[in-house]
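Given next are the chains, with one letter for each unit.
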Amino acid sequence: MRPRIALPILPILLATVACGGKKSDDKPSAAKPAPAAPTPAPAPTPTPPPPPAAPAIDPATFVAVDVKAVAAIADAVVMAPPGAKVEPDQPSFGDQQVKGAVIAAGDFRLHVWHSTIGGERTAAEMTAKITDAKAVYTELNHEVTTVDYAVESGGQKRFGYFQALDGWDDLKLGDQVLCGPERTVASADALAPYRAACGMIKRAK
């Protein structure tokens, strides 16, 4: 039986080492994408400046307003800021008679009308209840027929005032000429020009 011939293993190993062994993949790995830049925060919206304060109303500048077109107060001499307009009241429900007018100049709205102190006091209280508020009378002076009041709602107060005017004593029972702001105002101090205007009203001779 012929003997086996040993294969030359060593030269084969040396040749493999010299050739660098198994061929590897020499391709470079893909570069990682750069992280995205952070999105800048939006610039804060600038706060608009507060509206300019309304100019102070100076009773010294008041001039006579022609109210002759409103028969109910045609005999009144009414003083108000220059350029004031006369806005007749709307007749009450079921009544065609206009009982007064608002003399308006910007935010200044003076109401001159026929009514009674007691009736207007009741009306102010009813209006407060309708709007979920409470009328608080800070002063009720029957001697000079002047009513000061505040309306409270949601922890805030608004202020009102009205008075009966002198010089109309010949009116029928239950009728007076009243004067005051058309609506409540933001502070007690804001009533000052209305008090001054009411104090200037006289009956034309």
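Residues numbered from 1 in each chain as written. Predicted model: local features only at pLDDT ≥ 70, side-chain atom pairs only at ≥ 80, totals over all residues. Heavy atoms only, no water.

## Topic: the packing of aromatic side chains
Logical step 1: Using the criterion set out here, one finds three aromatic pairs in the structure.
Logical step 2: Considering the side-chain rings of F62 and F108, the 5.6 Å spacing of their centres and the 55 degrees angle between planes classify their relative orientation as tilted. In this pair, F62 is assigned in the loop between α1 (9-18) and β1 (63-65) and F108 in strand β5 (residues 108-115), connecting sequence segments 46 residues apart.
Logical step 3: Accessibility expressed as a relative area gives 1% for F108, which makes it buried.
Logical step 4: Both rings, one in F108 and one in Y194, keep their centres 4.7 Å apart while their planes meet at 10 degrees; by these two values the pair is stacked. Taken as a pair, F108 in strand β5 and Y194 in helix α3 (residues 192-200) lie far apart in primary sequence, 86 residues in all. Of the two residues examined, F108 and Y194, each falls in the buried class.
Logical step 5: Pairwise contacts between aromatic rings join F62, F108 and Y194 into one cluster.
Logical step 6: A cation sits over an aromatic face here: R195 above Y161, 4.4 Å from the ring centre. (Phe/Tyr/Trp six-rings, centres within 6.5 Å; stacked < 30°, edge-to-face > 60°. Helix = DSSP H or I, 4+ residues; strand = E, 2+ residues; numbered from the N terminus. Buried < 20%, exposed > 50% of the residue type's maximum accessible area, 1.4 Å probe, protein only. Lys NZ or Arg CZ within 6 Å of the ring centre and 35° of its normal.)

## What about the state of the cysteines?
Logical step 1: Considering all chains together, one arrives at one disulfide under this definition.
Logical step 2: Paired by a disulfide, C179 and C198 hold their sulfur atoms 2.0 Å apart. As the torsion about the S-S bond is roughly -85 degrees, the C179-C198 disulfide counts as left-handed. Of this pair, C179 sits in strand β9 (residues 176-181) while C198 is found in helix α3, placing the two residues 19 residues apart along the sequence. (Disulfide = S-S within 2.5 Å.)

## Notes on the nonpolar core
Logical step 1: The biggest cluster of nonpolar side chains holds 26 residues, and the ones touching the most others in it are I103, L110, V112 and I201.
Logical step 2: Those elements giving two or more residues to this core turn out to be β2 (76-80), β4 (100-105), β5, β9 and α3.
Logical step 3: If one sorts the elements of this core by residue count, β2 sits on top with four residues.
Logical step 4: When neighbours within four sequence positions are excluded, I103 is seen to be in contact with V65, V67, V78, A80, A84, K85, V86, F108, R109, L110 and V112.
Logical step 5: Core analysis: the second largest hydrophobic core is formed by 13 residues, W113, A133, Y149 and V151 among them. (Core = buried A, V, L, I, M, F, W, Y, C linked by side-chain atoms within 4.5 Å. Contact = heavy atoms within 4.5 Å.)

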